[in-house]
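# A closer look at the structure
Next come the chains, spelled out residue by residue.
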Amino acid sequence: YLATTLVVSRVVESPREATDRFAKAIMTSAFVVVLLPLVSVVWTVIERGSNRFDLDFYTTTMRGVVGEGGGGYQAIVGTLVVTGLTALFSIPFGMFTAIYLVEYSEGNAFSKMVTGLVDVMTGIPSIVAGLFAYALFVVLDGPGHTSGLAGAVALTLLMTPIVVRTTEEMLRLVPNELREASYALGVPKWKTIVKVVLPTAIAGILTGIVLAIARVIGETAPLLITVGITNDVNWNPIEGRMATLPVFTYNSYKFPTLPPQASIDRAWAAALTLVILVVILFTTARILSSILKPKGLK
């Protein structure tokens, strides 16, 4: 296809047009090649997850269920609670850190140290974050501690640097002319940030936050250590095991009940639920960014 495009374009058009069409063909082909695995994964999850995509899966738990039946209601609740706590910890801390680095630091030694620390945290393996959170709560509460709060602390270590980085980049894209115009009108710096800078960058910031949440909502290793698994609903994030969708998926697939196909169907349904949650998050972020974006900005 690429060779034919190049040869035919050189004969019919010109060498310059042929080179342009050849480059476009390469980019289009690369896009298709990259898209194929994504489409394959999504299709597989939808196809296999649809076997248990029913009301029973979303309204019942695994309490007292040995074989067929049961659902992942307890895992959905646990995922929402743990992810909500993680967002509550990570978003304010990450945004305030980014605001400091962009608006107040002026390249001092402390800001360079913070930037280096954020870079290091970005590359931390998820299992290390889980071990850190587990060790922290073992010191505070004793061996064997499992709770949703411990899982949220582990995921916070993974989510915060992403929020810092994305927010920092979005703030740097705001033109300095907007800040200078606000200062010229006598507006204080903090109010300029709140009323001018943040609303201008809100679309990109929300997208970055959603990407950060999508990054941690499917983490399994830290939650295996800190949260564990249970067959019943636990709304209390401070005490006791909590089921989450990633751990529920792993546990159902790795340790199936009899008949095994029932557990595997539940695992795929949980994976499909995770995909749906991410889609909902992205859609909500897009809607909010359109609503909160200042008038006149494209």
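One can find the structure itself at the top, above this paragraph.
Residues numbered from 1 in each chain as written. Predicted model: local features only at pLDDT ≥ 70, side-chain atom pairs only at ≥ 80, totals over all residues. Heavy atoms only, no water.

Along the protein chain, the regular secondary structure elements total 12 helices and 0 strands. Helices and strands in the protein chain line up, N terminus first, as α-α-α-α-α-α-α-α-α-α-α-α. For 298 residues, the compact-globule formula gives about 19 Å, and the C-alpha radius of gyration of the protein chain, at 24 Å, lies well above that figure. Based on the C-alpha atoms only, the size of the protein chain along its principal axes is roughly 70 × 60 × 35 Å. Long-range pairs, those at least 24 residues apart, make up 71% of the contacts in the protein chain with a sequence separation of at least 6. Total accessible area computed for the protein chain in this model is approximately 16500 Å², and 69% of it derives from carbon and sulfur atoms. The average position of the 22 basic charges and that of the 19 acidic charges among the side chains of the protein chain differ by 6 Å. (Helix = DSSP H or I, 4+ residues; strand = E, 2+ residues; numbered from the N terminus. Rg over C-alpha atoms; globule rule 2.2 N^0.38 Å. Contact = heavy atoms within 4.5 Å. Areas by Shrake-Rupley, 256 points an atom, 1.4 Å probe, with all protein chains shown as cover. Lys, Arg positive; Asp, Glu negative; His and termini not counted. Charge placed at Lys NZ, Arg CZ, Asp CG, Glu CD.)

The final tally for this structure, using the stated rule, is 5 aromatic pairs. Arranged with centres 5.7 Å apart and planes meeting at 85°, the rings of Phe-53 and Tyr-58 form a pair that is edge-to-face. Take Tyr-58: its relative accessible area is 24%, and that puts it in the partly exposed class. With a centroid separation of 5.9 Å and an interplanar angle of 65°, the aromatic rings of Tyr-100 and Phe-110 are classed as edge-to-face. (Phe/Tyr/Trp six-rings, centres within 6.5 Å; stacked < 30°, edge-to-face > 60°. Buried < 20%, exposed > 50% of the residue type's maximum accessible area, 1.4 Å probe, protein only.)

So, on to the side chain of Arg-179. Along the chain, Arg-179 falls in helix α8 (residues 176-184). The class for Arg-179 is buried, based on a relative accessible area of 7%. Ignoring sequence-local partners within four residues, the contact set of Arg-179 consists of Val-102, Glu-103, Leu-171, Val-174, Thr-192 and Val-197.

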